[in-house]
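Reading the structure
Chain by chain, the residues run as shown.
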There are 2 protein chains.
Amino acid sequence: MKSLTVQIPLIESSSYDIKIKAGLLKDLPKIIEDKLGVCSKMIVTDSNVKNSGHIDSLSLCGEVFVIDPPGECNKYMHTVVEILEQMEQKTMGRDSAIIAVGGGTVGDMAGFAASIFKRGVPIIHVPTTTVSQADSSIGGKTGVDSSISKNAYGAFWHPAAVFIDVETLKTLDQRQFNAGLVESIKHALISDLTYFEYLEDNIDTILNRDNATLEEVALFNSKVKSSIVSIDPKEKNQRRILNYGHTIGHAIESASNFELLHGEAVAIGIMGASIIEIELGIGNIQRLERVKKLLNKLSIPLKIPANITKEQIYSLLSRDKKSVNGWPKFALIEDIAKVHIDADNQWAHRVDPSVAGIAIDQLMG
Amino acid sequence: MKSLTVQIPLIESSSYDIKIKAGLLKDLPKIIEDKLGVCSKMIVTDSNVKNSGHIDSLSLCGEVFVIDPPGECNKYMHTVVEILEQMEQKTMGRDSAIIAVGGGTVGDMAGFAASIFKRGVPIIHVPTTTVSQADSSIGGKTGVDSSISKNAYGAFWHPAAVFIDVETLKTLDQRQFNAGLVESIKHALISDLTYFEYLEDNIDTILNRDNATLEEVALFNSKVKSSIVSIDPKEKNQRRILNYGHTIGHAIESASNFELLHGEAVAIGIMGASIIEIELGIGNIQRLERVKKLLNKLSIPLKIPANITKEQIYSLLSRDKKSVNGWPKFALIEDIAKVHIDADNQWAHRVDPSVAGIAIDQLMG
């Protein structure tokens, strides 16, 4: 047998900047041109964001693709293909770039489109929601849903830059705004007690959408998220802690047919994780109550909707992207800002289905 | 303005093996299990390959997805989505893998599917055609066509291994077999005079599909291709020389509505490059005639089909994936195995459209 080994060289380390400022949006055309130079730009957004006026200044610097209707109902490959085909129609080449202006679904789809257009062009994220500013715009995860599961198809594709204008949060409806704050609570829970106390102390000011406080929250979130993804960008181990509350959360979100917002489902998932921690002897009822008190400030129901069955949730858990042999691993904490790490330095854990079942039973509405 | 920098750590160098042997196919189930361990496997192939019996042994180790009809007519995102959806239906997770058994289009689509399933699973290539054994299975380029251009959407996704069984070439029809050899001639032209002479001396034995000679050719090809992609995996510079003959070639292939096989179009593209080199004063008629003599052995018409217009070719060139400001750069050589590299160490060059036009005029059928 003839044999040959092909070397794949190392890829140098790199970096990108996150800029945070109320009112940043109007300065972006110049900032982005300074960053990318002259190139074709496709601005991807949705009808909500467009109608809120958030792309008025940006639309001057490129073509615009509007996802309509917005949200998870269009988060499929066919939308990504529509973005790509429009770029082809406009004769955009390898030297083009995509700018995502919107929430998590816009960013996930635009980022995925950027990762596969001509085998990869730069993506700039301009997140306009609490969930995308806190979480999805940072870290390079992109993707779309399959007919069966969330984010089933996608790529890791780091942004060239992230620009956060907290002023854009003013146009969110209260339900969207509040649900997105669940990711902020999750960030505090997994890594920063000072941040958790800040959220407890300032939750009313946050809910009143005070710019200075929102900038502070955005900075806290960016620090937590970036420090974790920098250690483990491809989610081999440590990054899995960002899925805290998400394993049960994703299943509930899917089972609700996306009637529940992502953050609302994750809030229930965080309660589920807290119950599992108690069952495993690494949590306690006092911490659970403290977390619940903060989540309650967001006016999110913390019970699984009555029309969802336990069997549905089990079935969806078995198909989880992170499943190994048909069952996912769970990220857990031992205390606020203290990740549960086992003797093998694993940051996610096998939890017996019966233990998960106890949590699901307690959460049934 | 608040600001934060996110670090993206370096990615370590890695490698993969290419194994070459006549009759290797029947040993692959065991070799692949040793390589990947126990995991769900999706074997992607096409109806030609299946009907030739090449997946008889492999089909025992996983699910099988058959692309039908085979070839470029199905090389679109919808086929990739069908592969992915079938993997979802079979509850495959992040720990699954894809095995591509077939020619370039199978490998391109299966590799692309692997790159985006659950944000990336391993791909093993088992190329069964002259073009895929010589070229497309090595180097990590994957993708599908858009409604407008070839390989418009895709990813760089290196294989976990490549297994070449030259015995599979026995079932190719003569036209497919011969067209694929154009990539071998291209490899020799851009980097190995010994290889070019080997091809000149052994072309009849190759056309008779002698196993030992085909193994030798596969090894030559693997060496040329892997040495170039190892230097420049993402095609920033040196890898562009692999596009030798492909710039005009791709345009002709598209303009023919894929009536021409890839290798047939590239053969005309290589003649085009030779004419451009003469026009630029870096080529000569003797070399052109020597190359033409070898290409003629493959019984490939070296003229642009009469139903294709010059305007069509210009339009397609302007949309080339590698176009910058609407015009592609051309890979050129100064002699056999001597790449044309400019003072700035660039391996691809701006060629004035009028010079490209001279080549196109001379190639018109």
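Attention in this report is confined to the structure presented alongside it. Keep in mind the model is a prediction, meaning the values are calculated, not measured.

Cut-offs and rules
One numbering rule holds for all chains: residues counted from 1, following each sequence as written. Working convention: letters from A go to chains and numbers from 1 go to ligands, in the order in which they are written. Reporting of local features is limited, given that this is a predicted model, to residues whose pLDDT is at least 70; pairs of side-chain atoms are given and counted only at 80 or more, and all residues count toward the totals for whole chains, interfaces and linings. Processing note: side-chain calculations cover all non-hydrogen atoms of the structure and skip hydrogens and water entirely. Each helix is a run of H or I in the DSSP string that is no shorter than four residues. Each strand is a run of E no shorter than two, and both are numbered from the N terminus. We take the radius of gyration over the C-alpha atoms and set the globule estimate at 2.2 Å times the residue count to the 0.38 power. Accessible area is worked out with a 1.4 Å probe on protein chains only. A residue is then buried under 20% of its type maximum, exposed over 50%, and partly exposed in between. Only heavy atoms matter for contacts: two residues are in contact if any of them lie within 4.5 Å across the pair. For the accessible areas, the method is Shrake-Rupley and the probe is 1.4 Å, while residue cover comes only from the protein chains on display. His residues and chain termini do not enter the charge count, which takes Lys and Arg as positive and Asp and Glu as negative. For charged residues, the charge sits on one atom: NZ in Lys, CZ in Arg, CG in Asp, CD in Glu. Strand pairing is defined by DSSP finding a minimum of two bridges between the two strands. Helix axes are fitted only over the stretch in contact, all axes being lines through C-alpha atoms; the angle between N-to-C directions runs from 0 to 180 degrees. Any pair of N or O atoms that falls within 3.5 Å is considered a polar contact. Within protein, one atom must be able to donate a hydrogen and the other to accept it, and sequence-neighbouring residues count only if both atoms are side-chain atoms. Overlaid copies result from least-squares superposition on C-alpha atoms, with residues included only where pLDDT is at least 70 in both. Take a side-chain nitrogen of Lys or Arg and a carboxyl oxygen of Asp or Glu: if they are within 4 Å of each other, that pair is a salt bridge. Residues grouped as a nonpolar core are buried Ala, Val, Leu, Ile, Met, Phe, Trp, Tyr and Cys residues, joined through side-chain atoms within 4.5 Å. By convention here, the domain bounds are inherited from an automatic or database domain assignment.

Quick look at the overall build of chain A
Across its full length, chain A carries 13 helices and eleven strands. A compact globule built from 365 residues should have a C-alpha radius of gyration of about 21 Å, and chain A, at 20 Å, falls within 12% of that. Taken across its 365 residues, chain A has 60% of its residues classed as buried. Nonlocal contacts in chain A, meaning residues at least 24 apart in sequence, comprise 72% of its contacts between residues at least 6 apart. Approximately 13,300 Å² of chain A is accessible, and the part contributed by carbon and sulfur atoms is 49%. Here chain A contributes 38 positive and 45 negative side-chain charges, whose respective centroids are spaced 4 Å apart.

With respect to the sheet that holds strand E4 (residues 63-67) of chain B
With mixed pairing, the seven strands of this open sheet are ordered in space as E1(A)-E2(B)-E7(B)-E6(B)-E5(B)-E3(B)-E4(B). Two strands in the sheet have a free side with no partner beyond their single neighbour: strand E1 (2-8) of chain A together with E4 of chain B. The mean angle between the axes of side-by-side strands here comes to 15°, regardless of whether they run parallel or antiparallel. Pairing of strand E5 (residues 97-102) of chain B with strand E6 (residues 123-127) of chain B, which is carried by five bridges, proceeds in the parallel orientation. From the neighbouring strand, Ala-100 of chain B faces E6 of chain B, where its bridge partner is His-125 of chain B. Helix-sheet contacts for helix H3 (residues 77-89) of chain B involve strand E3 (41-46), E4 and E5 of chain B, and the interaxial angle to E4 of chain B is about 165°. In the packing of helix H4 (residues 104-116) of chain B onto the sheet, the strands contacted are E3, E4, E5 and E6 of chain B, and the crossing angle to E5 of chain B comes to about 175°.

Focus: the pairing of strand E2 (residues 14-20) of chain A
Two elements, E2 of chain A and strand E1 (residues 2-8) of chain B, share seven bridges in a ladder whose sense is antiparallel. Within E1 of chain B, the position partnered with Ile-20 of chain A by the bridge is Lys-2 of chain B. As paired strands, E2 of chain A and strand E7 (residues 161-164) of chain A are joined by four bridges and run parallel to one another. Counted as the bridge partner of Lys-19 of chain A is Phe-163 of chain A from E7 of chain A.

Comments concerning the sheet that holds strand E6 (residues 123-127) of chain A
The strand order E4(A)-E3(A)-E5(A)-E6(A)-E7(A)-E2(A)-E1(B) describes an open sheet built from seven strands, whose pairing is mixed. The outermost strands of the open sheet, each flanked by one partner alone, are strand E4 (63-67) of chain A together with E1 of chain B. Going across the sheet, the axis of each strand differs from the next one's by a mean of 15°, ignoring polarity. Together, strand E3 (41-46), E4 and strand E5 (97-102) of chain A form the strand contacts of helix H3 (residues 77-89) of chain A, whose direction differs from that of E4 of chain A by roughly 165°. Contacts between helix H8 (residues 211-231) of chain A and the sheet are confined to E2 and E7 of chain A together with E1 of chain B, with E1 of chain B contributing the most and set at about 10° to the helix.

Description of the side chain of Asp-145 of chain A
Residues and elements named next belong to chain A. Looking at where Asp-145 falls in the secondary structure, it is placed in the loop between helix H5 (130-136) and E7. Among the polar contacts listed, one links the side chain of Asp-145 to the backbone nitrogen of Asn-151, at a separation of 2.8 Å. Not counting the four nearest positions on each side in its chain, Asp-145 is found in contact with Glu-72, Lys-75, Tyr-76, Lys-150, Asn-151, Ala-152, Tyr-153 and Phe-258.

Side note on the relation of the copies chain B and chain A
Relative to chain A, chain B is turned by 180° and slid 0.0 Å along the rotation axis, the superposed coordinates differing by an RMSD of 0.0 Å. Taken together, the rotation and translation describe the operation of a two-fold axis. Residue Ile-11 of chain B of chain B places its C-alpha closer to the rotation axis than any other residue of that unit, at 2.5 Å.

Some remarks on the side chain of Glu-253 of chain A
Residues and elements named next belong to chain A. The residue Glu-253 is located in helix H9 (residues 246-255) in this model. Assessed through its relative accessible area of 2%, Glu-253 is described here as buried. A distance of 3.4 Å separates the side chain of Glu-253 from the side chain of Lys-150, its partner in a polar contact. Ignoring sequence-local partners within four residues, the contact set of Glu-253 consists of Glu-72, Lys-150, Phe-258, Leu-260, His-262 and Ala-265.

Digging into H9 of chain A
All names here are of chain A. Within H9, ten of the ten residues are buried, leaving the element largely enclosed by the surrounding structure. Considered for burial, the residues of H9 that qualify are His-246, Thr-247, Ile-248, Gly-249, His-250, Ala-251, Ile-252, Glu-253, Ser-254 and Ala-255. For H9, the elements touching its buried residues are helix H6 (174-191), helix H10 (262-279), helix H12 (310-318), strand E8 (329-330) and helix H13 (353-363). Of the residues flanking the end of H9, it is Asn-257, one or two places downstream, whose phi is positive at about 55°.

With respect to the pattern of salt bridges
Summed over the entire model, instances satisfying the criterion amount to 44 salt bridges over all chains. With a closest N to O distance of 3.3 Å, Glu-253 of chain B and Lys-150 of chain B form a salt bridge. Taken as a pair, Glu-253 of chain B in helix H9 (residues 246-255) and Lys-150 of chain B in the loop between helix H5 (130-136) and strand E7 (161-164) lie far apart in primary sequence, 103 residues in all. The residue Asp-335 of chain B makes a salt bridge to Arg-287 of chain B at a minimum N-O spacing of 3.9 Å. Taken together, the positions of Asp-335 of chain B in strand E9 (residues 333-335) and Arg-287 of chain B in helix H11 (residues 285-296) put the pair 48 residues apart, joining distant regions of the chain. By relative accessible area, which is 40% here, Asp-335 of chain B ends up partly exposed. Arg-287 of chain B sits in the buried class, given a relative accessible area of 7%. A cluster of three or more residues bridged by salt bridges with shared partners is formed by Asp-135, Glu-183, Lys-186 and Lys-225 of chain A.

Considering the environment of Ile-282 of chain A
All names here are of chain A. In this structure, Ile-282 sits in the loop between H10 and helix H11 (285-296). Here the alpha-carbon distance between Ile-282 and Thr-247, two residues 35 residues apart in the chain, equals 18 Å. Excluding anything up to four places from it in sequence, Ile-282 contacts Glu-277, Arg-287, Leu-332, Ile-333, Glu-334 and His-340.

Topic: the nonpolar core
Residues Leu-189, Ile-252, Leu-295 and Leu-298 of chain B are the most contacted members of the largest nonpolar core, which totals 78 residues. If you tally residues by element for this core, the top one is helix H10 (residues 262-279) of chain B, at nine residues. Among the domains, domain 1 (17-172) and domain 2 (219-363) of chain B are the pair contributing at least three residues each to this core. Not counting chain neighbours up to four residues away, the residues in contact with Ile-252 of chain B comprise Leu-260, Ala-265, Ile-268, Ile-304, Pro-305, Ile-308 and Ile-313 of chain B. Listed in part, the 76 residues of the second largest apolar core include Leu-207, Ile-241, Ile-252 and Ile-333 of chain A.

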